[in-house]
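Below, each chain spelled out in residue letters.
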Amino acid sequence: MIALTSCGEKYTSESKNYVTLVKNKGGATLGYSPKSGVQIIAKERYAFKDLNKNGTVDAYEDWRLPVNERAKDLAQKMSLEDIAGLMLYSSHQSLPGRSRGFGSSTYNGKTFAESGAKASDLSDEQKKFLSDDHLRHVLITSVESPSVSAQWNNNAQAFAEGLYLGIPVNTSSDPRHASDSYAEFNAGAGGDISMWPGTLGIAASFDPTLMKQFGEIASKEYRALGIATALSPQIDLATEPRWSRFDGTMGEDPDLATDLARAYVDGFQSTNGGDWGMESVNAMVKHWPGGGPEEGGRDGHFGYGAYAVYPGKNIKDHMQPFTEGAFKLEGPTKMAAAVMPYYTISTGEGENVANGYNKYLITEILRGKYGYDGVLCTDWGITRDMTSVSKFEGKPFGVENLSVAERHYKAIQAGMDQFGGNNDMGPVLEAFKLGVAEIGEEAMRARFEESAVRLLTNIFRTGLFENPYLDVEETKEIVGNSEYMKAGFDAQLRSIVMLKNSNNALPLKIKQKVYVPQRYIAPTTNWWGVTTEPKTVDAFNMEVVAKYFDVVETPEEADFALVGIQSPDGGVGYDDADLEKGGNGYIPINLQYGPYTANTAREVSLAGGSPLEDFTNRSYKGKSVTTINTTDMQLVNDTKAKMGDKPVIVSVKVSKPLVFSEIEPSASSILIHMGVQDQALMDIISGKVEPSALLPFQMPADMLTVEAQFEDVPRDMVPYTDAEGNVYDFAFGLNWSVTIIDERVKNYK
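It should be emphasised that the depicted structure is a prediction, and the values quoted were computed from it without experimental measurement.

What counts, and at which threshold
Residues numbered from 1 in each chain as written. Predicted model: local features only at pLDDT ≥ 70, side-chain atom pairs only at ≥ 80, totals over all residues. Heavy atoms only, no water. Helix = DSSP H or I, 4+ residues; strand = E, 2+ residues; numbered from the N terminus. Buried < 20%, exposed > 50% of the residue type's maximum accessible area, 1.4 Å probe, protein only. Contact = heavy atoms within 4.5 Å. Areas by Shrake-Rupley, 256 points an atom, 1.4 Å probe, with all protein chains shown as cover. Core = buried A, V, L, I, M, F, W, Y, C linked by side-chain atoms within 4.5 Å. Pairing = 2+ DSSP bridges. Axes fitted to C-alpha atoms, helices over the stretch in contact; angles between N-to-C directions. Left-handed = near helix turned anticlockwise from the far one by under 90°. Nonpolar A, V, L, I, M, F, W, Y, C, P; charged D, E, K, R; others polar. Salt bridge = Lys/Arg side-chain N within 4 Å of Asp/Glu carboxyl O. Expected span 1.5 Å × (residues − 1).

## What about the overall build of the chain?
Broken down by element type, the chain carries 21 helices and 29 strands. Projected onto the principal axes, the alpha-carbon positions of the chain cover approximately 85 × 60 × 55 Å. The proportion of buried residues among the 749 residues of the chain is 61%. Considering only contacts in the chain between residues 6 or more positions apart, those separated by 24 or more positions represent 72%. Summed over its atoms, the accessible surface of the chain is roughly 27600 Å², and 49% of this surface lies on carbon and sulfur atoms.

Structure representation (C-alpha cells):
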C-alpha cells in the first residue's frame with residue numbers, strides 16, 4: 001500500500017492491490033482502477049472521478065450533489081443504447097460459469113475447466129453483455145467462495161468503469177442465507193455465509209425485530225460479496241396452501257406479513273440504522289400485486305399456472321404487505337427500492353394479461369393510487385416465446401401473439417422499467433422504434449430517461465459510483481463471521497414449532513438411546529428435466545445426533561425413536577400423461593401423503609385459456625394424484641409399530657401446509673421447521689432450548705377443506721385437531737408447559 005497526500009487538498013490517495021482509493025476529508029471515499037483509464041480531478045480542493053474522461057467534473061460525477069440531480073444529469077448524457085442496456089437484467093450467472101446446461105459459460109471460447117481461467121474471471125458472455133449490450137445489472141447465483149465473489153466484483157467493476165460513461169455494475173442475488181441441515185454450529189466458528197431459516201421460518205418467530213436483524217446482517221454480507229440489490233423479500237401472501245412457492249413467503253396473515261416485510265426492507269436498505277450508505281442493499285420486493293392466489297396452487301413459472309384468481313374478491317389483502325409494509329418503512333429510506341410483478345394474469349384486474357404488461361395494475365394502481373416511483377422490473381423471461389404450457393421457458397401470458405419487441409414495448413407502456421433475464425438490448429431498441437412511431441421520438445426519449453433515472457438512482461444511493469470495489473481480505477472477515485453465524489443459529493432455534501408433546505415426551509435427557517430410521521427418497525425430475533436416482537439416506541447428520549444421544553441400530557435397544565421426514569410432495573397440478581390419455585392435463589395438488597381424488601373440486605375452473613390449448617376449463621375434478629414421498633408416512637407409522645409404547649419424535653421439514661391425520665396418531669411429539677441445522681433440532685429435543693415459535697399459517701384438517709377454501713382469502717380452512725386437542729391453527733405453538741398465549745398471539749391472532 002502506498003499512501004499519497006495531495007498538498008493543500010482535502011483528500012488523500014492510496015493504492016491497494018490494483019485499486020486506488022481516494023479519501024475526501026468529510027466527504028466520499030472514491031475507488032477506481034488505474035487500468036480503466038479513469039483519472040481524478042481536483043475541484044474546490046476535493047477529488048472527483050472523471051468517469052466519462054472529458055476532463056471536467058460533470059454533475060453525475062459530483063458526489064456532493066443530490067442523487068436525483070446526478071441521475072437526471074447522467075440520463076440526459078446517455079445514448080439510446082446506454083439506456084437500453086440499463087433496462088436489462090442479466091440471466092443467472094454462476095461464478096465460475098458452468099460447463100454445460102443452464103447458465104453455462106465459456107472463457108476465451110473454452111469451458112471453464114479447459115480454459116485455465118480463474119473462478120473470478122469474467123466469462124465471454126459477461127464481457128459481451130457488459131460491452132456490446134451495455135448491460136449493468138447482473139444476477140449471480142452460486143459462487144465458489146466469498147473471496148471469488150469479491151474478486152469477480154472487482155474485475156467486473158474495472159471492466160465496466162473503462163466503458164462508455166463509467167457506469168458501475170449493480171450485482172444482485174436471490175436469497176442465499178439458507179441453512180445446511182448437516183452443518184454443525186460451533187461458537188466462534190465461521191462459514192461461507194451466515195445460515196438462517198427461510199423467511200417463513202423467521203415468520204414463525206412472529207417477531208419483526210428478528211426479521212430486521214436478519215436484514216441488517218444479510219445486507220452487510222451482501223455488500224461484502226459485491227451485491228447491491230436483493231431480489232427479495234418475497235412478500236406474497238400465502239393464502240393458497242398448495243402453491244409451490246409457499247415456503248418463500250412470510251405466511252398467510254396480512255398484518256404479520258406487513259410488519260415483517262417492513263422490517264426486512266428497513267434492515268436491508270438502511271446503513272447502520274440510518275439512511276442509504278455503503279452497507280445498504282436495494283430491496284426488490286416481489287411479486288406485485290401478490291403472487292399467492294394461483295388457481296389450484298399451480299405456479300406461474302409455467303403456462304399451466306398462468307392465472308391468479310380472487311374468488312373472495314380479496315386482492316386488497318395481497319397488496320397490503322406492499323402498500324402498508326414495504327412502502328411505509330420506519331427508516332429514512334422510506335420505501336422499497338424496486339418491485340417485481342409476478343408472472344400471473346390477475347383475473348378481473350384490468351386487461352387479461354400478465355402483471356408485467358398490465359397498465360391498470362402498474363400505472364393506475366401501483367404508480368398512481370399508491371404513488372410508487374421506484375424501479376419496476378419484470379420477472380425473468382416474460383418476453384420470451386413459449387411452446388407448451390408445461391415447459392420451463394418463456395412466460396408471455398396474454399401476449400403470446402405479440403412479437404418479442406412488441407412485448408417489450410407493451411411492458412414499457414404499462415410502466416415497467418426493466419426486463420429480467422434479458423441480456424440482449426436489441427428488442428429494447430426495437431421497442432423504442434415502435435414508441436417513436438406511435439408517440440414521437442421526443443416523448444419516447446423522455447420515457448426512456450424516466451426509467452433510466454429510476455435505475456441510476458438505485459446505483460447512486462448505494463455508493464457504487466463512488467467506490468464499487470472490495471477488499472478481498474475484508475470480505476473474508478465479514479461474510480459468515482462467528483457473530484453472524486451465531487445470530488443465524490439463534491434465529492433457527494426460534495423458528496422451530498412444536499405442535500404436539502404427548503405425555504411430555506420432550507424434552508429428552510441427553511445420552512438416552514435413540515433409534516433413527518433411514519429415509520427413502522424417490523426419483524424426481526426438476527424444472528430443467530434433470531432427474532435424480534432413488535436413494536436411502538440418513539434423515540439427520542448422525543454425527544451431530546451422536547453428540548446428544550446414544551445411537552442404536554434397532555428399535556428394541558432404543559429408549560425413543562427420532563424420525564425425520566418432509567411435508568408431502570403432491571405434484572405441480574399438471575401432467576402431460578393425463579393430456580396424452582385424452583384429459584386436459586390438469587390434476588390436483590395433494591397436501592396429504594396418501595393418494596387423493598378430487599371429487600369436490602370445481603366443475604369449471606375460475607380461469608383458463610391459452611393459445612396453446614383448445615379449451616378454457618382447467619378443472620381437475622374427479623382426478624387422482626399420488627404423492628412422491630408417501631414413504632415418509634409409512635416411515636412414521638412403521639416406526640411407531642416397532643417402538644410400541646416408547647416415544648416416537650417426528651421432525652417435519654415443511655415447505656407448505658400438510659394434512660397431519662395420516663401421521664399424527666403415531667407421533668408422541670411433532671416438531672416442524674422451515675429449514676434449520678440438525679443441531680438446532682437437537683438443542684430443542686434435548687431441552688437445551690425451549691420451543692417458542694408459532695405457526696404462521698394453518699394446517700388443514702383434510703383435503704376437503706383445502707378444496708373448499710378460496711385461493712385469495714387467508715385463514716379460511718378448518719384446521720387439524722390432534723389427539724391431544726391441539727388445534728393446528730394460525731399462531732398455534734407449544735412450549736414445554738402449555739399452549740403459547742403471549743403478546744405475539746394477542747397482536748396477530
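## Re the nonpolar core
Counting 144 residues, the largest nonpolar core has L74, M250, V285, W288, L456 and F465 as the members making the most contacts within it. Once residues lying within four places of it in the same chain are set aside, the contact partners of L456 are A71, L74, A75, M78, L86, I167 and F465.

## A closer look at the sheet that holds strand β9 (residues 137-143)
Spatially, seven strands are ordered β8-β9-β10-β11-β12-β14-β16 in an open sheet, and the strand pairing comes out parallel. Two strands in the sheet have a free side with no partner beyond their single neighbour: β8 (92-95) and β16 (375-376). With three bridges connecting them, β8 and β9 associate as parallel partners. The partner of H92 across the bridge, within β9, is L139. Lying on the sheet, helix α10 (residues 359-369) is in contact with β12 (282-288), β14 (338-341) and β16; it crosses β12 at an angle near 125°.

## Looking at the packing of helix α8 (residues 254-269) against helix α9 (residues 315-326)
Packing of α8 against α9 brings their axes to within 8 Å, and their N-to-C directions diverge by 35°. Considering how the two elements wind past one another, α8 and α9 form a crossing that is right-handed. Where α8 approaches α9, its residues P254, D255, A257, T258, A261, R262 and V265 are matched on the opposing element by D317, Q320, P321, E324, G325 and A326. Across the contact of α8 with α9, the residue classes tally to six nonpolar, three polar and four charged.

## Some points on the pattern of salt bridges
Within the structure shown, the criterion is met by 39 salt bridges. Here K77 and D73 are joined by a salt bridge, their closest N and O atoms 2.6 Å apart. Linking K77 with D73, this pair stays in helix α1 (residues 67-77), spanning four residues, or about one helical turn. K77 sits in the partly exposed class, given a relative accessible area of 34%. In this structure, K623 and D578 form a salt bridge, with 2.7 Å as the shortest nitrogen-oxygen distance.

## Here we look at the side chain of Q592
By the element assignment, Q592 lies in the loop between α17 (576-580) and β26 (596-597). If we skip the residues at most four places from it in the chain, Q592 touches P568, T627, V659, E662 and M703.

## Remarks on α8
A rise of 1.5 Å per residue sets the reference length of α8, with its 16 residues, at 22 Å; its end C-alpha atoms lie 22 Å apart and thus fit the reference within 8%. Taken across its 16 residues, α8 has 14 buried, putting it largely inside the fold.

## Digging into the environment of P523
Within the element layout of this structure, P523 appears in the loop between β20 (519-521) and β21 (524-525). Those residues in contact with P523 that lie beyond four places of it in its chain are T532, E533 and P534.

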